[in-house]
Amino acid sequence: SFADGLKRESELFMKLASGPQSRAQQHIFFAQRQISKVPGIDGQLALPIERVGIIGCGTMGGGIVMCFVERGFPVVVLEMEQRFLDKGLGVVRSNWQRQVKKGKLSPAKFEAYMARITPTTRYSDLSEVDIVIEAVFEQLAVKQKVFAALDDVCKPSCILASNTSFIPIAKIAQATRRPQQVIGCHFFAPANKMQLLENVRFEGGADERTCATVQAMAKRIGKKGVLVRSCPGFVGNRMYAVQGMAADELILEGATVQEIDDVMYRDVGSAMGIFAVSDLSGLDIGYKSRKDNGVLRSARDYTVGDVLVEKYGRVGLKSGRGYYDYPKLPQSRKGVASPMVNELIERLSQQRGIVRRAIAKQEIVERIYYPFINEGFKVLEEGVAIRPSDIDVVFV
């Protein structure tokens, strides 16, 4: 009867309202509001951001451009060569045009978006922006050259931010005369979709006003801005790196790329598996960091991802090939298992004397997540993250 249905509905509601999923949602609701309350940072000091500069219009730079333009900011986009500028803005334009075709964006709004972008190949065109966000190659020398040039042309109040994933911000700031106005603004790919923004301060720079400004900026562009301290990988990539190492060991020992991602996505409930995330972010980022830091000294130092990049040019989604193949790009970003990658992994196992075996789901869970959790405790212990709930926001 209808009365029985109402009674059953009430029982189910109470069960769900008091269940672990409900408590988790309540926790993250308050955690996302807590991130703006940073001890020692007065939010009232934030400077107004009205005009933004972006250096680099590749996968990450283009996504960052979209973030700001869609929130009403005029953006100056700099590339050193016109062909790279045209290519990058072509991708940005195509992304919006697809939304127009699907009826998600009006033609008038599309035109307004494009009108907010000022493309340039000259640093001097950045002289009046309030913040510049650099998104160039993940190499210290390249970034220092960019920041030295910005220091010369940007107005004294301008904040200089880097989207670096791993490089210590203090080393980048050494190229400027304004370290107090240098900070990390680490977006996650795809930058126009992902809500997280790690704002990275460091000893000797990124003063209270700078921190307050980028935290306020994060809100204005619809991001969850988490203020962290500088260390290799910061919070997100540092903890992901631990998972990545464990996942690499597992595929060499017998698990497949698909098995690990399925366990993480279907069994644990992560938004994506570690290999899908790596393809989305770009395998070349971690590879270049390890290469530049002298980690890759011998063949055994190379992860499977490093081999895919160096020997086969498989850098992930942006090349259409990474751990997965992406045969239907650009219409579909869905990856499919790659026979070539599976064969490569088996060959590497043999070369390294690793006897492959079947690996149970429970072992995958423990080896992927236990080191990850331990790294989180280290991040807290070292003061990289302010509070446990900040780490939760980073990974939700």
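Residues numbered from 1 in each chain as written. Predicted model: local features only at pLDDT ≥ 70, side-chain atom pairs only at ≥ 80, totals over all residues. Heavy atoms only, no water.

Two descriptors summarise a pair of aromatic rings, namely the distance from one centre to the other and the angle between the planes of the rings. Throughout the structure, instances matching the rule amount to seven aromatic pairs. Ring geometry for Phe-372 against Phe-395: centres 4.9 Å apart, planes inclined by 80°, an arrangement best described as edge-to-face. Note that Phe-372 is positioned in helix H15 (residues 361–381) and Phe-395 in helix H16 (residues 388–395), a separation of 23 residues in sequence. Overall, Phe-395 belongs to the partly exposed group, its relative accessible area being 24%. Taken together, the aromatic side chains of Tyr-240, Tyr-369, Phe-372 and Phe-395 make up a single cluster linked through ring pairs. Above the ring of Phe-29, the side-chain terminus of Arg-33 is found at 3.6 Å from the ring centroid. (Phe/Tyr/Trp six-rings, centres within 6.5 Å; stacked < 30°, edge-to-face > 60°. Helix = DSSP H or I, 4+ residues; strand = E, 2+ residues; numbered from the N terminus. Buried < 20%, exposed > 50% of the residue type's maximum accessible area, 1.4 Å probe, protein only. Lys NZ or Arg CZ within 6 Å of the ring centre and 35° of its normal.)

With 13 residues, helix H8 (residues 208–220) should cover 18 Å at 1.5 Å per step; its first-to-last C-alpha distance of 19 Å lies within 8% of that length. Of all the residues in H8, the buried ones are Thr-210, Cys-211, Ala-212, Thr-213, Val-214, Gln-215, Met-217 and Ala-218. Looking at the buried residues of H8, the elements they touch are helix H3 (59–70), strand E4 (131–134), strand E5 (159–162), strand E6 (182–187), strand E7 (196–201) and strand E8 (224–229). Positive backbone phi, at 75°, marks Gly-222, one or two positions downstream of H8. (Expected span 1.5 Å × (residues − 1). Contact = heavy atoms within 4.5 Å.)

Ranked by size, the top nonpolar core spans 117 residues in total, and within it Phe-68, Trp-96, Phe-187 and Ile-260 carry the most contacts. The element that contributes the greatest number of residues to this core is H3, accounting for seven residues. Residues within four places of Phe-68 in sequence aside, it is in contact with Val-52, Ile-54, Phe-73, Val-75, Ile-133, Phe-187, Met-217 and Ile-221. (Core = buried A, V, L, I, M, F, W, Y, C linked by side-chain atoms within 4.5 Å.)

The next point concerns the state of the cysteines. The term disulfide refers to a covalent linkage connecting the sulfur atoms of a pair of cysteines. Counted by the stated rule, this structure contains zero disulfides. Between Cys-154, a free cysteine, and Cys-158, which holds the nearest cysteine sulfur, the sulfur-to-sulfur gap is 4.1 Å. Left unpaired, Cys-185 is separated from the closest cysteine sulfur, that of Cys-211, by 9.7 Å. (Disulfide = S-S within 2.5 Å.)

What follows is about the layout of surface pockets. Approximately 470 Å³ is the volume attributed to the second largest pocket. As for the second largest pocket, its lining consists of 17 residues, and the residues nearest its centre are Asp-261, Ala-276, Tyr-324, Lys-334 and Gly-335. If you list the elements that add at least two residues to the lining of the second largest pocket, you get helix H10 (257–268) and helix H11 (274–281). Counting residues per element, the lining of the second largest pocket draws most heavily on H10, which supplies five residues. Across the lining of the second largest pocket, the residue classes tally to eight nonpolar, three polar and six charged. (1 Å grid on protein atoms, 1.4 Å probe; cavity = no way out; pocket = protein on both sides within 12 Å on 5 of 7 lines; lining within 4 Å. Points joined across faces, edges and corners; volume = space filled by probe spheres on them. Nonpolar A, V, L, I, M, F, W, Y, C, P; charged D, E, K, R; others polar.)

Attention shifts here to the sheet that holds E7. Spatial ordering of the open sheet is given by E3-E2-E1-E4-E5-E6-E7-E8, a layout of eight strands whose pairing is mixed. Here the strands that pair on one side only, and so sit at the sheet edges, are strand E3 (117–120) and E8. Between one strand axis and the next, the sheet turns through 25° on average, direction left out of account. Packed onto the sheet, H8 meets E4, E5, E6, E7 and E8 and runs at close to 175° relative to E7. (Pairing = 2+ DSSP bridges. Axes fitted to C-alpha atoms, helices over the stretch in contact; angles between N-to-C directions.)

Attention now moves to helix H6 (residues 140–153). The terminal C-alpha atoms of H6, which comprises 14 residues, lie 20 Å apart, in line with the 20 Å expected from a rise of 1.5 Å per residue. Taken residue by residue, H6 has Lys-143, Val-146, Phe-147, Leu-150 and Asp-151 as its buried positions. One side of H6 holds all its buried residues, which, seen down the axis, span an arc of 140°. Exposed side chains of H6 directed beyond 90 degrees from the buried face belong to Ala-141, Lys-145 and Asp-152. Where the residues of H6 are buried, they touch strand E1 (52–55), E4, E5, helix H7 (169–173) and E6. (Arc of directions from axis to C-beta.)

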